[in-house]
Every structure is written in C-alpha cells, then in structure tokens.
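# Structural overview
Now for the letters of each chain:
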Amino acid sequence: MQSASATHPDIYLGIMTGTSLDAIDVAACRFSLDSMRKRPESEHAEVEVIEFSSSPWPKPMREILMTLATATDVSMDLLARTHFALAEYYANAVRDCLASAKLTYKDIRAIGLHGQTIRHLPHPTAIAEIPDIRATFQLGSGSALAARSQIDVVSDFRSADVALGGQGAPLVPMFDYAFLRSKTTNRLIVNIGGISNVTWIPHSAAHQDVLAFDCGPGNMLMDAVTRKYFGEPFDRKGDRARSGIIDKALLA
C-alpha cells in the first residue's frame, strides 16, 4: 500500500462500469482539502478532473457479466474467477489513466471502486433455510486491485447500508450533499445512470434534510431499446431520441 507516501495526497481515482456494461470509466480527480474544510461556509467545494479515460469491455467478458447478472444459476468457478479477472481489467484501466495524466501510483491517495453489480436484493426475502435477509453483490475484488495497482482501494460501498435496512442506493446523493449544497439556493440534482435518481437539497441543509430516491429506468432502458431496434449499443449523443416526437399521453 502506497498511500502514506503519496506525492499528491489529494488526488483520487474513481472507477465505474455501470449497468450498461459498455466500458470501464476511470476519473482522476483532485479534491481541494482547504476547500473541503471551508465547505460549510462556502458555496462550492472544489473538485478538479485531471484525467478521464474509458476502456471498453472485451465482448466475451461483457457476455460473461451479463450472464452472471441475469442467470438464475451460475458456475461458482466462473463467479470466483470473474471476481478476480475484473480486478485485472481495472488495474489495466488504472495504468492507462495514470499514463494519460502523466501520474504514477505514488501520486494517488486511493481508488474508489464500485464494482460490477450482478445482484441487488434490498427487500428482505427468505431463501432455502435462510430467514428474511437483504443482500447486494458487486464483482471486482478490491483487495486484488490494491495488490495489482499498489494503491489503497475503498470498495463495497452498498453493503453496510443494506445491512442496516437501507436500499443501498442511490449513492450519488452523498457526493451531491458534500459538493453541491448551498446556504442560499435550493437544488434538485438529476442523475441519469442505469437507473435514474434525484437528490433534493434545500438551502442551508443538514445531511438529514436531504431527500433522494430512484425515480425510474434510465440508460438501461434507453440502451436496450437502441440495441433491439437499431442494432447499436447506445444512443450516441442522444441523436435518435432528439429526432423523435414526445408521446405526451404515454409520458403522463
């Protein structure tokens, strides 16, 4: 682990692959520590995006992940090996991002790794001899990525909230509150991920004043429609959607 000797301890990497299963996205960001300390008095904390890179999934791996995410029964050997294989893909994506940014692993304080969700079961249900239980499972070993990248890794974001009775989602409101709250302005933030969610932050909000929830399908549904009817993985730049006519009755 290299965090203690990090040259720039305010630079972090974030890794996200999402439900679209199209690519591994890596962002290198600098968070101003001085700004974060002053956050309650300032309009905005400061975040600088240093580099962003996107590495497409190889088609065979994408198909394996889709199978693991949708099949009722899966091979335990395939599941375990994929858990570690993802760490290898993530490590390669990290190296590509660092090379583009002209950084080394010693420059990074930590990696935030969400992992690939293959099951999200936030509603308590009994199964076999196990009583009612909530569960969530993201593939991609944080320990293996830490070993391969030589950078500390923070992962498994959702499990604690699910264990305490929460939905484990959405996660982005934590960032919204930390970096977008205002002393004078009410804010409503819309995040269109695989599933869309909204965050409501009234002015001068304390963390318990934040309201956030999933509000319906987002890119998952749009990608599925684009694949089925147009033979393309996604609606690039929203061009197909923009060319359509809104069915107001269906929308209502």
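Not measured: the values here are computed from a predicted model.

### Observations regarding unusual backbone geometry
Each neighbour pair has its own omega, and for A169 with P170 the value is -10°, a cis peptide bond. Locating P170 in the fold gives a position in the loop between α5 (159–163) and α6 (172–180). With a phi angle near 65°, Q150 is a residue other than glycine that sits in the positive phi range. One non-glycine residue with positive phi stands out, namely K237, at about 60°. Among the secondary structure elements, K237 is positioned in the loop between α7 (219–230) and α8 (239–242).

### Quick notes on the pattern of salt bridges
Scanning the model with the defined rule gives 6 salt bridges in all. Across the pair D10 and R30 runs a salt bridge, and its minimum N-O distance is 3.7 Å. With D10 in the segment before β1 (11–16) and R30 in strand β2 (residues 23–31), the pair connects residues that are 20 residues apart, well separated along the chain. Residue R30 is classed as partly exposed on the basis of its relative accessible area, which comes to 26%. Here D152 and R109 are joined by a salt bridge, their closest N and O atoms 3.9 Å apart. With D152 in the loop between α4 (142–149) and β7 (153–155) and R109 in the loop between α3 (76–101) and β4 (110–113), the pair connects residues that are 43 residues apart, well separated along the chain. Looking at R109, the relative accessible area reads 30%, which means it is partly exposed. One continuous salt-bridge network, built from bridges that share partners, spans D10, R30 and E48.

### Describing the packing of α3 against α4
What describes two packed helices is the angle between their axes and the distance between those same axes. As a packed pair, α3 and α4 sit with axes 8 Å apart at the nearest point and diverge in direction by 40°. Between α3 and α4, the crossing angle belongs to the class labelled oblique. Pair α3 / α4 crosses with right-handed handedness. On α4, the residues that touch F84, A87, E88, Y90, A91 and R95 of α3 are A144, L145 and R148. Taken together, the residues of the contact of α3 with α4 break down into 6 nonpolar, no polar and 3 charged.

### As for α7
The end-to-end C-alpha separation of α7 is 15 Å, in line with the 16 Å expected for 12 residues at 1.5 Å each. At the C-terminal side of α7, G231 shows a positive phi close to 65°.

### Brief notes about the layout of surface pockets
Approximately 390 Å³ is the volume found for the second largest pocket. Taken together, A241, G244, I245, I246, D247, L250 and L251 form the lining of the second largest pocket. In the lining of the second largest pocket, the residues fall into 5 nonpolar, 1 polar and 1 charged.

### As for the pairing of strand β6 (residues 130–139)
In terms of strand pairing, strand β5 (residues 116–127) meets β6 through 7 bridges, oriented antiparallel. Considered in β6, the bridge of T125 is made with I133. Where β5 folds back on β6, the antiparallel hairpin that results is connected by 2 residues, among which A128 adopts a positive phi of roughly 50°.

### Structural notes on the side chain of D176
Take D176: it is sitting in helix α6. Buried charge without a partner: D176 forms no salt bridge, and the closest opposite charge is R187, 10 Å away. Non-local contacts of D176, meaning those with residues more than four positions away in its chain, are made with R181, I189, T199 and I201.

### Things to note about helix α2 (residues 59–70)
For α2, which comprises 12 residues, the first-to-last C-alpha distance of 17 Å matches the rise-based estimate of 16 Å (1.5 Å per residue) to within 8%. Restricting attention to buried positions, one finds in α2 the residues M61, L65 and L68. The buried residues of α2 occupy an angular sector of 65° when the element is viewed end-on, so they sit on one face. Opposite the buried face of α2, by more than 90 degrees, sit the exposed residues K59, P60 and T70. On its buried side, α2 packs onto α3, β5 and β6.

Reading the values: the criteria
- Residues numbered from 1 in each chain as written.
- Predicted model: local features only at pLDDT ≥ 70, side-chain atom pairs only at ≥ 80, totals over all residues.
- Heavy atoms only, no water.
- Helix = DSSP H or I, 4+ residues; strand = E, 2+ residues; numbered from the N terminus.
- Salt bridge = Lys/Arg side-chain N within 4 Å of Asp/Glu carboxyl O.
- Buried < 20%, exposed > 50% of the residue type's maximum accessible area, 1.4 Å probe, protein only.
- Axes fitted to C-alpha atoms, helices over the stretch in contact; angles between N-to-C directions.
- Parallel < 35°, antiparallel > 145°, perpendicular 65-115°, else oblique.
- Left-handed = near helix turned anticlockwise from the far one by under 90°.
- Contact = heavy atoms within 4.5 Å.
- Nonpolar A, V, L, I, M, F, W, Y, C, P; charged D, E, K, R; others polar.
- Expected span 1.5 Å × (residues − 1).
- 1 Å grid on protein atoms, 1.4 Å probe; cavity = no way out; pocket = protein on both sides within 12 Å on 5 of 7 lines; lining within 4 Å.
- Points joined across faces, edges and corners; volume = space filled by probe spheres on them.
- Pairing = 2+ DSSP bridges.
- Lys, Arg positive; Asp, Glu negative; His and termini not counted.
- Arc of directions from axis to C-beta.

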